[in-house]
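# Structural description and commentary
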Amino acid sequence: MAARLSPVRRHIHLEAGFSQREADSQILRRVLFRRLALARCALVVVPSRQLENLASRVWRVPAARVAYIPNGIDAVRFCAPLRDTIPGFARRPGELVIGTVAPLRPEKNIGRLLRVFAMLGNPAPLRLVVAGDGVERGALGRLAAQLGIADWVIFTGRVAPESVLGTFDIFALSSDTEQMPNALLEAMAASRAIAAVDVGDVKTIVCEENREFIVARDDEPAFAAAITRLLHSPEKREILGALNHRRAATEYSQERMFCAYSKVFGAVRAA
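Here's what I pulled together on the structure shown here. (Residues numbered from 1 in each chain as written. Predicted model: local features only at pLDDT ≥ 70, side-chain atom pairs only at ≥ 80, totals over all residues. Heavy atoms only, no water.)

What follows concerns the overall build of the protein chain. Secondary structure summary: the protein chain contains 11 helices and nine strands in total. Here the protein chain has a C-alpha radius of gyration of 20 Å; the compact-globule value for 271 residues is 18 Å, and the two agree. When the backbone C-alpha atoms are referred to their principal axes, the protein chain occupies close to 65 × 35 × 30 Å. Here the protein chain, with 271 residues, has 49% of them falling under the buried criterion. Taking the intrachain contacts of the protein chain between residues at least 6 apart in sequence as the baseline, contacts between residues at least 24 apart amount to 72%. Roughly 12800 Å² of accessible area belongs to the protein chain as shown, and the carbon and sulfur atoms make up 54% of that amount. Between the centroid of the 37 positive side chains of the protein chain and the centroid of its 28 negative side chains there is a distance of 8 Å. (Helix = DSSP H or I, 4+ residues; strand = E, 2+ residues; numbered from the N terminus. Rg over C-alpha atoms; globule rule 2.2 N^0.38 Å. Buried < 20%, exposed > 50% of the residue type's maximum accessible area, 1.4 Å probe, protein only. Contact = heavy atoms within 4.5 Å. Areas by Shrake-Rupley, 256 points an atom, 1.4 Å probe, with all protein chains shown as cover. Lys, Arg positive; Asp, Glu negative; His and termini not counted. Charge placed at Lys NZ, Arg CZ, Asp CG, Glu CD.)

Structural data, given as structure tokens:
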């Protein structure tokens, strides 16, 4: 808004996403503020097609001034993740691990993942690893106890993603709202099969073959069914992991993102 009222420099606005309060719909006062504040913005940069649509359709930014630049990651960092190195974790014979990496905030809805895990009827030994920390840690621990799954859930606290992703047989994402989650890209780069809810661009980010395991956000039985199908198909997990790795390394590389931003800022400087 300061740039709108006093345009000393050309303004590039970067929009990343929303909190849980805007998971289902935009808040009117924020929409009106964006319309006013971004009216003379040189460029609005967004990481998802959903945000690109919102910027043009709801915030009324001309399409020519909206740039879609997907997030990128250092794929090499995740290409050989460590396996079974989580402190206090010892894999039992035949055990499978579902895992997620996320800050423990309301919009990540790890409670949904705990409820879905409690629904699984897998005959093999099974554990859930939640990597991350945040304000909901205590409440999630209590929920796990209430669901009767506390002995099968590991909360690692804050860790480097590459230190846990190799332990996961399936990466799960249960958020109420996302745009283009880096944790998903990292899991793909680590050659993980993905089970997730359909938020933001998640369904189009994963490889095409993985999209059948991306389900409606609020359909917990469908989420549990998607995970169960992956648990029972090691060959499918391996194929999806390889395809996801290839897609992350080629379509969502850090270098590709840097190049796109260099062009954006170079064009503005030139203008």
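As a further point, take the pairing of strand S8 (residues 193-197). Burial of S8 is extensive: five of the five residues sit out of reach of the surface. Neither face of S8 is open: one carries Ala-193, Ala-195 and Val-197, the other Ile-194 and Ala-196, and all of them are buried.

Core analysis: the biggest nonpolar cluster contains 66 residues, and Ile-98, Phe-171, Ile-194, Phe-223 and Ile-227 have the highest contact counts within it. When near neighbours in sequence (up to four residues on either side) are disregarded, Ile-227 contacts Ile-98, Val-116, Leu-120, Ile-170 and Ala-195. (Core = buried A, V, L, I, M, F, W, Y, C linked by side-chain atoms within 4.5 Å.)

Pairing is parallel in the open sheet, where six strands are placed in the order S6-S5-S4-S7-S8-S9. Every other strand in the sheet has two partners, leaving strand S6 (153-157) and strand S9 (214-215) as the edge strands with one partner each. Where helix H7 (residues 182-189) meets the sheet, its contacts fall on strand S4 (96-101), strand S7 (170-173) and S8, and the angle it forms with S7 comes to roughly 170°. (Pairing = 2+ DSSP bridges. Axes fitted to C-alpha atoms, helices over the stretch in contact; angles between N-to-C directions.)

Quick look at the sheet that holds strand S2 (residues 43-46) now. One open sheet holds the three strands; their spatial order is S1-S2-S3, and the pairing between them is parallel. What marks the edges here is a single partner per strand, and that holds for strand S1 (12-14) and strand S3 (66-68). When the angles between neighbouring strand axes are averaged without regard to direction, this sheet yields 25°. Its contacts with the sheet put helix H3 (residues 49-57) on S2 and S3, and the angle it makes with S3 is roughly 175°.

With that out of the way, let us pick up the pairing of strand S5 (residues 126-131). Remark: a regular strand shows side chains that alternate across the two faces of the sheet. Along S5, six of the six residues are buried, which leaves the element largely enclosed by surrounding structure. Taking every second residue as pointing to the same face, both faces of S5 are buried, with Leu-126, Leu-128 and Val-130 on one and Arg-127, Val-129 and Ala-131 on the other. Here S4 runs beside S5; their pairing, made up of six bridges, is parallel. Each residue of the ladder has a partner; that of Leu-96, found in S5, is Leu-126. Judged from the four bridges that link them, S5 and S6 form a sheet pairing that is parallel.

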